[in-house]
Amino acid sequence: MSDLRQIRLTGRATLDDRLIRQVWAVPFEPPPGTRAFTVELSYDRSRGVLDLGCEGPGGFRGWSGGARSRYTIAPSWATPGYLPGEPEAGTWHVLLGLYRVPLDGLPYEIAVTPHDTPPPPPGPGPPPPPAEVVPAALRRGLPALDGLRWQSGELHAHTVHSDGTLTVPELAALARAQGLDFLAVTDHNTVSHHAELPGAAARAGITLVPGQEVTTDLGHANAFGDIGWIDFREPADAWAPVAGGRGGLLSLNHPLGADCAWRHPLTERVRTAEVWHSGWWDRTWGAPLSWAQAWRDDLVYLGGGDFHRPEENHPPGAPATWVLAEPPERGAGGEAVVEAIRAGRTAVSAGPDGPLLLRHGEEFVVLDADGLVLWGPEHRSVIRGDRVRLPARPGPHRLETTRNEVMALCT
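Notes on the structure follow. Each chain carries its own residue numbering, running from 1 in the written order of its sequence. Only residues with pLDDT of 70 or above have their local features reported here, since the model is predicted, and side-chain atom pairs are shown and tallied only from 80 upward, although totals for entire chains, interfaces and linings are computed over all residues. Hydrogens are left out, water is left out, and the side-chain values use all remaining heavy atoms of the structure.

Quick word on the side chain of H220
Here's step 1: Helix and strand assignments come from DSSP, with helices taken as H or I runs of at least 4 residues and strands as E runs of at least 2, each series counted from the N terminus. Here H220 is to be found in strand β13 (residues 219-224).
Here's step 2: Of the residues examined, H220 reaches a relative accessible area of 10% and is grouped as buried.
Here's step 3: At 3.0 Å, the side chain of H220 and the side chain of E213 are in polar contact.
Here's step 4: Within the structure, the side chain of H220 is placed 3.5 Å from the side chain of H254, a separation counted as a polar contact. The buried label goes to any residue with under 20% of its type's maximum accessible area, the exposed label to any with over 50%, and the partly exposed label to all in between, with areas taken from a 1.4 Å probe on protein chains only. Two N or O atoms count as a polar contact when they lie within 3.5 Å, although within protein this holds only if one can serve as hydrogen donor and the other as acceptor, and sequence-adjacent residues are included solely when both atoms are side-chain atoms.

Structure below.
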């Protein structure tokens, strides 16, 4: 039993505070002898939403947004979303994100419980067995090109490290069972899940791409690659140069996504965006494509399912993003997927088995699209047959039904 005294901190988040900046830091100093600590945030959740995070003397230690009200940091383990390690001496900060604050303010209380003996970690469940499903790219007999292979995957998914309900191994197994070749795990404002990716990938037989959804009140963006943490508190103009400088890339998420639509000003518009998001329920609605055409004329189109939990009934890969990349059996992993996106070798379909339009060298390869219409900037034609090759033409193209419902996109 710890004999270290609990620290209690109280305050009131105001609407004026939220307009000054989104994230505030509440300082505390763990007493000497602290080997671990637990933070608990209390407030009236019927009146607002406060996000939660942590920063130590040595830097950022984690974020759970509004998904949790409690976390523990210990030498060898931490609550998902947070980084383990010996608590350094000095001033720490509980990070409060003022996500929704009423006009008259929102009182809160923070309890910091120091531990002189680290508490045991919660016991992990057994990893799911690997799926027997043949990945869609192999099952559909897609051609190779110059040693590269088409692969299907999901580029936007969450786990218990932010606001998802599945562990990293459970999510990897589910994505593999959907017939996907790769999965980007993009938890909100944290990279604590990255340490779990290699083991989960090996068990499930799927490529796992390290990612982070850089999440703010004015828009979200995915940072892809094993590039460390991107500070979401910095101006959005800083995110892409940091990601690119570390060998990764930044992509805008759901730019027309209700209250999380992209509203940040950018000096230089990024070249990659999640044009097809799972929230695009009515694909006769042309706004996502109109936005993409207005954003920049060489935009690389991606899809993202934004998976959080199975009960939402849109599994990983709905929509599916396809990349022409170095195959993983050659030792290429998530970095090959990132490089394919950077090069613009992408396509998007409603799912791994849906109608498919690929720019394959000098040709379009069109699968399972008999009776659909191929639309491009200067070309349109009816597809006749389930496996068709056509001369490729410049610019983004799409497959549509006769009622203008989008079925596939290709950069």
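The discussion continues.
Looking at helix α6 (residues 287-295)
Here's step 1: For α6, the set of buried residues is P288, L289, W291, A292 and W295. An end-on view of α6 places all buried positions within 160° of arc, on one side of the element. Counted as exposed and oriented over 90 degrees from the buried face of α6: Q293 and A294. This arc describes the spread of directions from the helix axis toward the C-beta atoms.

A few points about the nonpolar core
Here's step 1: Nonpolar cores are built from buried Ala, Val, Leu, Ile, Met, Phe, Trp, Tyr and Cys residues. Side-chain atoms within 4.5 Å join them into one set. Core analysis: the largest hydrophobic core is formed by 33 residues, its most contacted members being W239, L252, W262, V275, W295, L299 and L409.
Here's step 2: If you list the elements that add at least two residues to this core, you get β5 (59-65), β13, α5 (239-245), β14 (249-252), β15 (272-277), α6 and β25 (406-410).
Here's step 3: Ranked by residues supplied to this core, first place goes to α6 with four residues.
Here's step 4: Dropping the residues within four chain positions of it, V275 is found in contact with W280, P288, L289, A292, L299, Y301, L302 and L409. Any two residues whose heavy atoms approach within 4.5 Å are treated as being in contact.

Looking at the packing of aromatic side chains
Here's step 1: The rule is short: rings of Phe, Tyr and Trp, with Trp giving its six-membered ring, pair when the centres are within 6.5 Å, and they are stacked under 30 degrees, edge-to-face over 60, tilted in between. A complete count under the given rule lists ten aromatic pairs for this structure.
Here's step 2: Arranged with centres 6.1 Å apart and planes meeting at 75°, the rings of W239 and W262 form a pair that is edge-to-face. With W239 in helix α5 and W262 in the loop between β14 and β15, the pair connects residues that are 23 residues apart, well separated along the chain. Residue W239 shares its accessibility class with W262, and that shared class is buried.
Here's step 3: Ring centres of W291 and W295 lie 5.0 Å apart, and the angle between their planes is 20°; on these two criteria the pair is classed as stacked. Remark: W295 and W291 occur in helix α6; sequence separation between them is four residues, near one turn of the helix.
Here's step 4: Take W295: its relative accessible area is 11%, and that puts it in the buried class.
Here's step 5: Among the aromatic side chains, those forming a connected cluster through ring pairs are F60, W63, W229 and F232.
Here's step 6: Its end group placed over the ring of Y99, R100 keeps NZ or CZ at 4.0 Å from the ring centre. Only Lys NZ and Arg CZ are tested; either one counts as a charge over a ring when it is within 6 Å of the ring centre and within 35 degrees of the ring normal.

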